[in-house]
Amino acid sequence: MKLLDSLRIVWRNLWRMKLRTILTSVGVMIGTAAIVAMISLSLGLRENAVKSLENFGNLTEMDVQPAYMSPDGQTPIPPEQMKKLNYQAVQELKQIEGIESVIPVKSLQGGAQIKLGRREGDIQLMGIDVHESRSSKSDEIEKGTYLTGSANEIVVTYEMPRMMRDVEKERREARKRNASGAGSDPMMQGGYPPYGMEGGGSDAATVDMVGKTATLVINRQFMVDNEPKFEKKEIRVRVVGQLAKSDGMSRFGGNMAFVPLEMINELNKWLNPEGMNQGFDPYGGMQPQQKRTRSRTEQEEVIFDSITVKVGSREQVEPTLERVQRIGFEIYSPARALKEINQFFFVVQLILGGIAAISLLVASIGIINTMIMSILERTREIGIMKVIGATVYNIRWLFLIESGFIGLIGGISGLGLAWGAVQLLNYVARSNPEFSNVLGGGGPGGPEGIQQLAVVPLWLAGFAVGFAFLIGILAGIFPAFRASRLSPLQAIRSE
Amino acid sequence: MSNGPGELTVKDVQHSYGTGKIKVPVLYDINVHIDNREFVALCGTSGSGKSTLLSLMAGLTRPDAGQIHINGEEISRYNENELCLFRRRCMGFVFQSFNLLPNLTALENVELPLIFAGESVKRRRQRAADMLAMVGLDGRTGHKPNELSGGQQQRVSIARALVNNPSIVLADEPTGNLDSVTEKEILQLMRQMNREHGTTFVIVTHDTEVANQSDRVIHLQDGRVVQKDTTMIHAT
Ligand SMILES: Nc1ncnc2c1ncn2[C@@H]1O[C@H](COP(=O)(O)OP(=O)(O)OP(=O)(O)O)[C@@H](O)[C@H]1O
Ligand SMILES: [Mg+2]
C-alpha cells in the first residue's frame, strides 16, 4: 500500500466525520497552544532578562582573575599557589575549548598626557594584545581603524576628544587672573607659541583626532640621594581610530586609550627600572603582586591588569566558565548570572510545560476515545477491507495515521493559536511600556523597553507540531491494534 | 496432499461456533475437492453450514480441525496476516449484500484491492475501468453504491472480486438479494467470467436456477456433505 494512498484514505475518513475530527483535535489544539504559549513566554522573559544583563557589557567577553577559592568554593587557595595573570596564563587560557581569543591588557604604571596641537589631556594608556583583540574590538571602532599591529599606534575612546583641554585658552585665562593679581600658576612652564585667534567659550568644540599624529608625554620620578628627580619621555603616536560610544557602563574611564601591549611593556620598564625604585611605588603598594614578582629574580615577568577572554556565543559562556574555573581562575562578569537565569527559566519551563503536558494527556485520551468509536462504526468496513485484500498491517497503519492526523491537525491549529496569542501579547507589551516593565524590562535598557515579550522560535514550533503528531500516533496504537485484530467474519456480520 | 492453481481441497474439516463449554458444532468431517475452472454450487437448507464452509474456504475463520488447501497452499495453517495476503493474491469474494464501501464510487470500490496491493494509480485505474466495462458498467464508474441498483451493485462487487485476477472466486448467495431477471444476468456474468478467465467459482445458493447453471452441486445437510440426485432438487 502506497503512502499517498493511505493518506488519501485517512483524509477521506477524517473528512467524513468532520465534526468529530475537529472536536477531538480541539483537545490537542488547546494542549499544544498551552505548551507553545507558555514555553515561548518563558523563553521571551529569559531573553529579556539576558538582554538586560547585556546592558552591563558584552556577555561573551569576560574578565579572568586568579581564583581565591578552589572550584568547590570551600577551600581557599594558598597565595603562593594562586594563578597569576601572566603570559603563561594567557597560553593556558588559549588552550581552553570554547575560548576564541584571549586579550591581555596591561595599563601604564603611571600617568600620561596626550598632546595634539594646542590641546592636551590626561590619558590612561592600556596596552592590549593587538592580534588577539582585533576580532572583537574592531566592531567597536567608530572612526578610523583598529590597531593594525604596527608600533606607535593609538586608539582613543569616543569621549577622548571631548576631554582634551585647550591649553592655550586656559593659559590665557590664567594670565588674565595673573593680571588681576591672583598669583602665579606653578603649572605654567611656558614654551608654547601664543595663538591669538581662539574665541572664548569653545569648550564644546572638539577636535577630530583620528588620522592625526599626537604626542604622548610620560614622566618618571626617581630618587637619587633621597632627592626626587623628574624625567620626561615623549613618544610620537598616530591616532588610528576612535571607539564608538559605548552605551553600557564602560569598565574604563573616558580618557582611556588602547596602544599595543609591547609599547606599554617598554614604557613600564622605563618607568620602573629594576633596582632603581626599590623604595618607590607610584601606586603606593596598591599592587602587592607586582612588588613581589619584581623582588624576585624573574624580572621580565609581566603581570597583566586583566585578561579578557572571548567566547563564540552566549551558549558557550557557561561551559567555558566551568573550564576556566577548573584551571584555577575565576571569572567576574555579568555572564555569571546567565547560569542562574538559565536555571531559573529551565525550572519555569518545566513547570509550565508540565501543566500543558497534562492537557495533552487529556487530549490524547480524547483521541483514543474517538478512534475506538470510529472502529465500532467502521467494523463492517474493516471486515470488508480485510476480505478484499487489506492486511493486518494495512489496517493498523491506516488507523495509526488517522489518529496521528488528528494530533497533527490539533498541533498545527494549536501552534497557530499560540502564535496569535503571542503576537497579541507582544503587541500589548509594546504599546504599554509600564506593562512590559512589570514583566521584566527593569534593566538599564530603559527606554527601548521590550520588543518581544514572548518568542516562538522555529524549534519550538517544529517540536510542538511533531509532539502533537506523536501524541496522536501514540493514542492510536491501542485502537489500531484493536481494529486490525477484528475477525473479518464477525466484522462483516455486524450491522 | 497437494493441488494446483485454481484447485480447492477441504479435508476432514470440522467446525463449531462458540467458546468454552457451549460449543455448537456446525460442520462435521467435510471432504470436498473442487477442480480448476470448475463452477460449483454449494446448496443446502438454511442453517446447514454453507456460509460457514465458504468462510473457512476464504480463510475468514480457521477450522477447528482438518485442512484446507487452495492453489497448493495449506491456508488452514496461515495466521491472520498470511490469510489476508493470500486473499489479496489468489481470491475474490462476493457477498450477498454486495458490501461495497458506501462512500467510494464504483471505480474506487473496484480499485480498492489494488490500492492495498500497492498498484500504481495509473495501472489500477485502467484495470478497474476495464473490469467495470467487462461487467457492463462503463457508464457508471463515478456512481456511489447508493446510486446503483442492486444488480449493478453486485456487478461492481463481481468486478472487485476479479480485479486482482484471482484463481478462485467465492460467492455467498450472490443473487439472494436480486429479482429473478437480474439473478439470471448476474449468473450469466459469473459463468462468462468462469469461461473467459478460467476462474474457479464456488457459489453458495439455495436457488435451483443457480444450481442448474453450475457444473456440479455440493449438498450440505446438517453440517455434512450428502450425495443427492440432481433430479431430486428438480422434484422439490
Ligand atoms: N457466529 C456464529 N455464532 C454461533 N453460531 C453461528 C454463528 N454463525 C452461524 N452459526 C450457526 O451455525 C449454523 C450454520 O450457519 P450458516 O450461516 O453457515 O448457515 P447457512 O447454511 O449459511 O444458512 P443460510 O442459508 O440461512 O444462510 C447455524 O445453525 C447458525 O446458527
Ligand atoms: Mg448463509
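Each chain has its residues counted from 1, running along the sequence as written. Lettering of chains starts at A and numbering of ligands starts at 1, both following the order in which they are written. Side-chain atom pairs in this predicted model are given and counted only at pLDDT of 80 or more, local residue features only at pLDDT of at least 70, and totals for whole chains, interfaces and linings cover all residues. The side-chain values count all of the structure's non-hydrogen atoms but skip hydrogen atoms and water molecules.

A. Region of the structure containing the sheet that holds strand β10 (residues 224-226) of chain B. All names here are of chain B. Spatially, β6-β7-β8-β3-β9-β10 is the arrangement adopted by the six strands of the open sheet, whose pairing is mixed. The sheet terminates laterally at β6 (91-94) and β10, the two strands that pair on one side only. When the angles between neighbouring strand axes are averaged without regard to direction, this sheet yields 25°. Docked against the sheet, helix α2 (residues 80-90) engages β6 and β7 (168-172), running at close to 90° with respect to β6. In this description, contact between two residues means that some pair of their heavy atoms is separated by no more than 4.5 Å. The convention used is that axes are lines fitted to C-alpha atoms, helices contributing only their stretch in contact, and that angles between N-to-C directions extend from 0 to 180 degrees. The numbering of helices and of strands both runs from the N terminus, where a helix is a DSSP run of H or I of at least 4 residues and a strand a run of E of at least 2. Taken strand by strand, helix α5 (residues 150-162) contacts β6 and β7, and its axis lies near 165° from that of β6. DSSP calls a pair of strands paired once it identifies at least 2 bridges connecting them.

B. Inspection of the site of ligand 1 at higher detail. Nearness is defined per residue: one heavy atom within 4 Å of the molecule or strand is enough. Near ligand 1 you find 13 residues, and of these A:R493, B:S46, B:K50, B:S51 and B:T52 are the closest. More than one chain lines the surroundings of ligand 1; the residues nearby belong to chains A and B. At a separation of 2.8 Å, an oxygen atom of ligand 1 approaches a polar side-chain atom of B:K50. Residues adjacent in sequence count toward polar contacts only when both atoms are side-chain atoms; beyond that, a polar contact is any pair of N or O atoms within 3.5 Å, and within protein one must be able to donate a hydrogen and the other to accept it. Take B:S51: an N or O atom from its side chain is 2.6 Å from an oxygen atom of ligand 1. Summarising the interface, the protein chains cover 63% of the accessible area of ligand 1, which totals 630 Å² for the free molecule. For the shell around ligand 1, the element with the most residues is helix α1 (residues 50-57) of chain B, which contributes three residues. The classification used treats Ala, Val, Leu, Ile, Met, Phe, Trp, Tyr, Cys and Pro as nonpolar, Asp, Glu, Lys and Arg as charged, and all other residues, Gly among them, as polar. Of the residues that constitute the shell around ligand 1, the class distribution is two nonpolar, eight polar and three charged. The Shrake-Rupley method, run with a 1.4 Å probe, gives the accessible areas here. Residue values count only the displayed protein chains as cover.

C. How the structure looks around the confidence of the model for chain B. All names here are of chain B. What pLDDT expresses is the predictor's confidence in each residue, scored from 0 to 100. Looking at chain B, pLDDT values average 90 and 96% of them are 70 or higher. Across residues 231-236, confidence stays below pLDDT 50; counting only partners more than four residues off in sequence or on other chains, it has four contacts. The ipTM assigned to the predicted complex is 0.92, against a pTM of 0.68.

D. Structural detail: the interface of chain B and chain A. Taken together, the 30 residues of chain B in the interface contact 28 residues of chain A. Interface area, chain B with chain A, both sides summed: about 2,500 Å², of which 60% is carbon and sulfur. A quick way to say it: buried area is the sum, across both parts, of accessible area lost when two parts are put together, with a 1.4 Å probe. Considering only the surface of chain B that becomes buried against chain A, B:L60, B:N103 and B:F116 emerge as the three largest contributors, covering 23% of it. For this document, the term salt bridge refers to a Lys or Arg side-chain nitrogen within 4 Å of an Asp or Glu carboxyl oxygen. For the pair chain B and chain A, the number of links is three salt bridges.

E. Spatial organisation of the nonpolar core. By nonpolar core is meant a set of buried Ala, Val, Leu, Ile, Met, Phe, Trp, Tyr and Cys residues that side-chain atoms within 4.5 Å join together. Exposure classes here rest on a 1.4 Å probe applied to the protein chains alone. A residue is buried below 20% of its type maximum, exposed above 50%, and partly exposed in between. A:M385, A:I395, A:F399 and B:L112 are the most contacted members of the largest nonpolar core, which has 43 residues in total. Elements represented by at least two residues in this core include exactly α1 (3-16), α2 (18-54), α10 (335-377), α11 (379-387), α12 (392-431) and α14 (458-485) of chain A together with α3 (106-116) of chain B. For this core, the element with the most residues is α14(A), which contributes nine residues. Sequence-distant contacts of A:I395, that is, excluding residues within four places in its chain, are made with A:I382, A:M385, A:K386, A:A390, A:A483 and A:S484. Judged by nonpolar contacts, the second largest core, of 35 residues, contains B:V10, B:I30, B:V32 and B:I75.

F. View of the pattern of salt bridges. Under the defined criterion, the tally for this structure stands at 24 salt bridges over all chains. A:R378 is the salt-bridge partner of A:E402, the closest N and O atoms lying 2.6 Å from each other. Separated by 24 residues along the polypeptide, A:E402 in helix α12 and A:R378 in the loop between α10 and α11 bring together distant segments of the chain. Judged on exposure class, the residue A:E402 and its partner A:R378 are both buried. Across the pair B:R123 and B:E119 runs a salt bridge, and its minimum N-O distance is 3.5 Å. For B:R123, a relative accessible area of 57% translates into the label exposed. Accessibility expressed as a relative area gives 23% for B:E119, which makes it partly exposed. Beyond isolated ion pairs, a larger network of salt bridges with shared partners links A:D5, A:R8, B:E111, B:R124 and B:R125.

G. Quick look at the confidence of the model for chain A. Residues and elements named next belong to chain A. Mean pLDDT over chain A stands at 79; residues scoring 70 or higher make up 83%. A low-confidence stretch, residues 188-204 stays under pLDDT 50, and its non-local contacts, those more than four residues away or across chains, total 18 contacts. Across residues 441-448, confidence stays below pLDDT 50; counting only partners more than four residues off in sequence or on other chains, it has eight contacts.

H. Structural context of the packing of α3(B) against helix α4 (residues 121-134) of chain B. Residue and element names in this part refer to chain B. The interhelical angle for the contact between α3 and α4, taken along N-to-C directions, is 125°, at an axis separation of 9 Å. By the angle class used here, α3 and α4 are oblique. In this structure, α3 crosses over α4, and the sense of that crossing is right-handed. Of α4, the residues touching α3 (which contributes A106, L107, V110, E111, L114 and I115) are R124, R125, R127, A128, A129, M131 and L132. Of the residues assigned to the contact of α3 with α4, the class counts are nine nonpolar, no polar and four charged. Roughly parallel means an angle under 35 degrees; roughly antiparallel, over 145; roughly perpendicular, 65 to 115; everything else is oblique. By definition, turning the near helix anticlockwise from the far helix through less than a right angle yields a left-handed crossing, and turning it clockwise yields a right-handed one.

I. Examining the packing of aromatic side chains more closely. Planes of paired rings set the category: under 30 degrees apart is stacked, over 60 is edge-to-face and the rest tilted, where pairs are Phe, Tyr or Trp rings (Trp by its six-membered ring) whose centres lie within 6.5 Å. Scanning the entire structure with this criterion turns up eight aromatic pairs over all chains. Ring geometry for A:F463 and A:F467: centres 5.4 Å apart, planes at 15°, overall stacked. In this pair, A:F463 and A:F467 both sit in helix α14, four residues apart, roughly one turn of the helix. In this structure A:F463 comes out as partly exposed when scored by relative accessible area, which is 42%. Between the aromatic rings of B:Y78 and B:F86, the centroid separation amounts to 6.3 Å while the plane-to-plane angle is 65°, which identifies the pairing as edge-to-face. Grouping residues by exposure puts B:Y78 and B:F86 together as buried. For a lysine, the NZ atom is tested; for an arginine, the CZ atom; a charge sits over a ring if that atom is within 6 Å of the ring centre and within 35 degrees of the ring normal. Directly above the aromatic system of A:F481 lies the positively charged group of A:R396, at a separation of 4.0 Å from the ring centroid. The positively charged end of B:R224 is found above the aromatic ring belonging to B:Y28, 4.3 Å away from the centroid.

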